[in-house]
Amino acid sequence: MTSPVTITVRRKVRPGREAAYEAWLKRLTEGAATDFSGYLGAEFHRPGPDGTYRSVFRFDSLANLEAFERSDFRAAMLAEGADLFAADAAWERMTGLEFWFDPPPGTKVPQPSPHRMALVLIAVVFTLVLALNLTLGPLMTSWPLALRVLVTVCIQVGLMTYVIMPRLTPLIARFIYPKSKTL
């Protein structure tokens, strides 16, 4: 089973080149969407006080991400955008579980609304626990309680990490990050 991969890119743009950079990002993502297998989408956040843009790209597997990273299209786009960049980009690759944990102290990332994250997680966990209990509960009635809970938790965490949250997060990003300005 392959798991989705997320790449977060933080990049400073030359002053006065912001509109050109945003147009470049649009061309990059449109090309990725039409030309690359496994591309799940992207979201962009305009710079905060430090002037750094944040882009989040998602692919359905590491193999499809690496195919994109090795592509002539990507190389050409990076060459085309080189005069827009004020510095090298900072890249961070995540495979799913990292979204569930806080970054180390000192890491500057937009902070999602904790209240809204809690609401989303309550809705997802409740729905999964209910569905798993309705479907698997009758099959496990003779099992010891600890084993039933373990199986349910393993399935739930797997579904949330590899199936539900990677697909749900892009759809609810504006709800979770209410103060972020997306492109």
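You'll find the structure just up there.
Predicted model only: the values in this text are computed from it and were never measured. (Residues numbered from 1 in each chain as written. Predicted model: local features only at pLDDT ≥ 70, side-chain atom pairs only at ≥ 80, totals over all residues. Heavy atoms only, no water.)

Engineer: What should I look at first to understand the packing of helix 1 (residues 18–35) against helix 3 (residues 72–81) in this one?
Structural biologist: The description of two helices packed together rests on the angle between their axes and the distance between the axes. One way to put it is that helix 1 packs onto helix 3 with a least axis distance of 11 Å and a crossing angle of 175 degrees. Classified by the interaxial angle, the pair formed by helix 1 and helix 3 is roughly antiparallel. Between helix 1, through Trp24, Arg27, Leu28, Gly31 and Ala32, and helix 3, the contact on the second element is made entirely by Phe73, Met77, Leu78, Glu80 and Gly81. When its residues are assigned to classes, the contact of helix 1 with helix 3 shows six nonpolar, two polar and two charged. (Axes fitted to C-alpha atoms, helices over the stretch in contact; angles between N-to-C directions. Helix = DSSP H or I, 4+ residues; strand = E, 2+ residues; numbered from the N terminus. Parallel < 35°, antiparallel > 145°, perpendicular 65-115°, else oblique. Contact = heavy atoms within 4.5 Å. Nonpolar A, V, L, I, M, F, W, Y, C, P; charged D, E, K, R; others polar.)

Engineer: I would appreciate a short explanation of helix 2 (residues 62–69) in the present structure.
Structural biologist: The periodicity of an α-helix, 3.6 residues per turn, causes residues three or four places apart in sequence to face the same way. Taken together, the buried positions of helix 2 are occupied by Asn64, Leu65 and Phe68. Buried residues of helix 2, seen end-on, are gathered within an arc of 100 degrees and therefore sit on one face of the element. (Buried < 20%, exposed > 50% of the residue type's maximum accessible area, 1.4 Å probe, protein only. Arc of directions from axis to C-beta.)

Engineer: Please clarify how the packing of aromatic side chains should be interpreted in this entry.
Structural biologist: Given two aromatic rings, their pairing is described by the distance between the two centres and the angle made by the two planes. Evaluation of the coordinates by the stated rule reveals nine aromatic pairs. Three or more aromatic residues joined by ring pairs form one cluster here, namely Phe36, Tyr39, Phe59, Phe68 and Phe73. (Phe/Tyr/Trp six-rings, centres within 6.5 Å; stacked < 30°, edge-to-face > 60°.)

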